[in-house]
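Geometric and topological summary
Chain by chain, the residues:
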Amino acid sequence: MDLLQLEHFLAVCEEGTFTRAAERVCRTQSAVSQSIKKIEDEIGAPLFARGMHDVTLTETGKVLLEYARRMVRLRDEANRQIGALKNLNAGTLTIAAHESAAVYLLPAPLRRYLRKFPEIKVGIYRSRLDDIPRQVLDREVDLGFVKEEPTFRGLEAVDIHADDMVLIASPRHPLSGRGEIRIRDLGQEAFVLHHLCSSTEQKILRLFDQHATPCRIVAEVFSFENIKSFVREDVGLAIVPRITVQQELRDQLLVEIPVQELKIPRRTLMIYRDQGYVSEAAREMIRVVRDFNFGRRFESGEPFDDLPLAAAAVRRDGH
């Protein structure tokens, strides 16, 4: 039996006659009668005890009535949900990102996206950089944000932001007013490093090795926010992505110390599957990020008032 036959069956049950049922479903009476006969032939039992002026459900018909209502209701609910997904009135969007992208890059375009599609539930997951391409390919997440173009086939990569590494210090630090320095001037300084950013840490240590200068690490912490707190309290200096300290540099809570040899560029790329199914929610986020002018935002001095929201979202997901 199909749903059209069940709709005809429900119409007869609710209208009480085949004539009124046919009018309700905009079919001929013979078409409705044929639908009922096909159901009866399939289940091998009559559905109605037909009288002179109306019809009465048999015991078999009473059993089928409840299931028919459920099936038609489920069909209608499925259609509503599918329609909501198409119109982005419902759905989910999952994103895997490294820390600086999750906390400092994504909040502004995400705010724009959610203003347009407030019913979409967004999950941001902190992941290891090596794991993100596989998570996107395996459909564990819709989008990923990485630092290097992945080697996997089936992924599209779009550059969205370019950044560099900077040396930061407390305004009270003796080096803060000296102007440009050299790596060799840092051999006696204490440093705070991010122990979860292994690739960046290795680049920093190689830079010191290339200039025959020790890098004296006094603390290794797990987030850029921790690093900034340690530096503000004069625990040590730190080399971090510029994007992570834009606000503190503007507010003069931290200072940048120019270093002649410090030239470590950083890219952030958005990656997504370029083959197969991509949800409408993900397609719209891709459009928003592609169109977003990150450079203008950071150059304009716009306050980073959305950072607590992003940090909270990442923490809620347990990463």
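Check the entry above for the structure.
Report on the accompanying structure. The model shown is predicted, which means the values in this text are computed figures rather than measured ones. (Residues numbered from 1 in each chain as written. Predicted model: local features only at pLDDT ≥ 70, side-chain atom pairs only at ≥ 80, totals over all residues. Heavy atoms only, no water.)

A word on helix α2 (residues 18–25). Of the positions making up α2, those classed as buried are F18, A21, A22 and V25. Along α2, the residues classed as buried sweep out an arc of 100° about the axis, all on the same side. Buried residues along α2 sit in contact with α1 (3–15), α3 (29–43), β1 (48–50) and β2 (55–57). In the stretch just after α2, C26 is the one whose phi turns positive, near 60°. (Buried < 20%, exposed > 50% of the residue type's maximum accessible area, 1.4 Å probe, protein only. Helix = DSSP H or I, 4+ residues; strand = E, 2+ residues; numbered from the N terminus. Arc of directions from axis to C-beta. Contact = heavy atoms within 4.5 Å.)

So, about the environment of E225. By secondary structure assignment, the location of E225 is in helix α9 (residues 224–232). For E225, a relative accessible area of 37% puts it in the partly exposed group. Along the primary structure E225 and V245 are separated by 20 residues, whereas in three dimensions their C-alpha atoms are 9.1 Å apart. Excluding anything up to four places from it in sequence, E225 contacts E99 and Y104.

Another aspect to go through is the packing of aromatic side chains. Aromatic ring pairs are reported here in terms of the distance separating the ring centres and the angle at which the planes meet. Applying the stated criterion across every chain yields a total of 5 aromatic pairs. Taking 5.4 Å as the distance between ring centres and 80° as the angle between the ring planes, the aromatic pair formed by F191 and F208 counts as edge-to-face. On the criterion of sequence distance, the pair formed by F191 in strand β7 (residues 190–194) and F208 in helix α8 (residues 198–210) is long-range, its members being 17 residues apart. Each member of the pair, F191 together with F208, is buried. Among the aromatic residues, those joined into a cluster by ring pairs are F9, F18 and F48. Between R70 and the ring centre of Y67, over which it is positioned, the NZ or CZ distance is 5.0 Å. (Phe/Tyr/Trp six-rings, centres within 6.5 Å; stacked < 30°, edge-to-face > 60°. Lys NZ or Arg CZ within 6 Å of the ring centre and 35° of its normal.)

That is the geometry; function is a separate question.
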